[in-house]
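Listed below are the residues making up each chain.
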Amino acid sequence: MPGLDTQVDDRERVEQDHPIFVIQKHAAKTLHYDFRLEVDGVLKSWTVPKGPSLSPEEKRLAVPTEDHPIEYAEFEGVIPEGSYGAGAVLVWDRGTYRNLTERRGEKTGVAEGLRQGHVSFWLDGTKIRGGYALTRFRTGKNEAWLLVKKNDDEADPGRNPVVSEPRSVISGRTIEEIEAEEGDR
Ligand code: MN
């Protein structure tokens, strides 16, 4: 069926052109946000203690963590006691992104940018939109990056969605509601 083939081709192209990002709010031992970008079939991941900012003046620490499978972008619920990262997780924001990384004026792939220590991208989420950069400032055992909003039309220092928009974008629940509904029963 030629029609079916066309559909599959279109979907594959869309997935390539529009990789996903997700930001999960995670009430583990310490509350934090996990920022994840789809790169080459996995979710490259950073722990951002304070979550993303809409102010270009605010540099947010982002500590790399292990890659996660793409399916994990959908995960919302409670990681049980005794497991790594025990605590409630909610999908705080999600959407697609466009790679804007350049190196010496040349377009650079995200994977290559990550190896080089700098990527730049446009996020199209529900709460978070606009350009951001992730830049490595320390390598080795204590590798660390900074997540910074670009100074574009979507910058809005007066808005702080980490505080004003705490609920899940997929279920509308708060972390406390997820804990109450899905915690040890
Ligand atoms: Mn986490």
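Residue indices follow the written sequence of each chain, beginning from 1 at its first position. Totals for whole chains, interfaces and linings use all residues, but because this is a predicted model, local features are given only for residues with pLDDT of at least 70 and pairs of side-chain atoms are given and counted only at 80 or more.

Participant: Describe the nonpolar core, naming the residues involved and giving the relevant values.
Facilitator: Think of a nonpolar core as buried Ala, Val, Leu, Ile, Met, Phe, Trp, Tyr and Cys residues chained together by C-beta atoms that fall within 7 Å. For every residue, the other C-beta atoms within 10 Å of its own C-beta are counted; 20 or more classify it as buried, 12 or fewer as exposed, and values in between as partly exposed. C-beta atoms are placed from the backbone. Core analysis: the biggest nonpolar cluster contains 29 residues, and Phe35, Ala62, Leu90 and Leu147 have the highest contact counts within it. Broken down by element, this core gets its largest block of residues, five residues, from strand 6 (residues 87–99). Ignoring anything within four residues of it in the chain, the contact list for Ala62 reads Phe35, Trp46, Val48, Leu134, Trp145, Leu146 and Leu147. Elements are defined by DSSP. Helices are runs of H or I of four residues or more, strands are runs of E of two residues or more, and each kind is numbered from the N terminus. Residue pairs qualify as contacts under a 7 Å threshold applied to their C-beta atoms, which are placed from the backbone.

Participant: Tell me about the pairing of strand 3 (residues 42–48), residues and numbers included.
Facilitator: Pairs of strands are assigned from DSSP output, requiring at least two bridges between the strands. One ladder, built from seven bridges, connects strand 2 (residues 31–39) with strand 3; its direction is antiparallel. Paired with Asp34 across the strands is Thr47, a residue of strand 3. Connecting strand 2 to the next strand, strand 3, in antiparallel fashion are two residues, including Asp40 with a positive phi near 50°. Bridge count between strand 3 and strand 4 (residues 59–69): five bridges; the pairing is antiparallel. Bridge pairing in strand 4 links Leu43 to His68.

Participant: Account for the confidence of the model for the protein, naming residues and giving values.
Facilitator: Mean pLDDT for the protein: 92, with 91% of residues reaching 70 or above. The low-confidence segment residues 1–8 (pLDDT under 50) makes zero contacts with residues lying over four places distant or belonging to another chain. What pLDDT conveys is the predictor's confidence in a given residue, as a value from 0 to 100. Low pLDDT (under 50) marks residues 10–15, which in the prediction has zero contacts with non-local residues, meaning those over four places away or in another chain.

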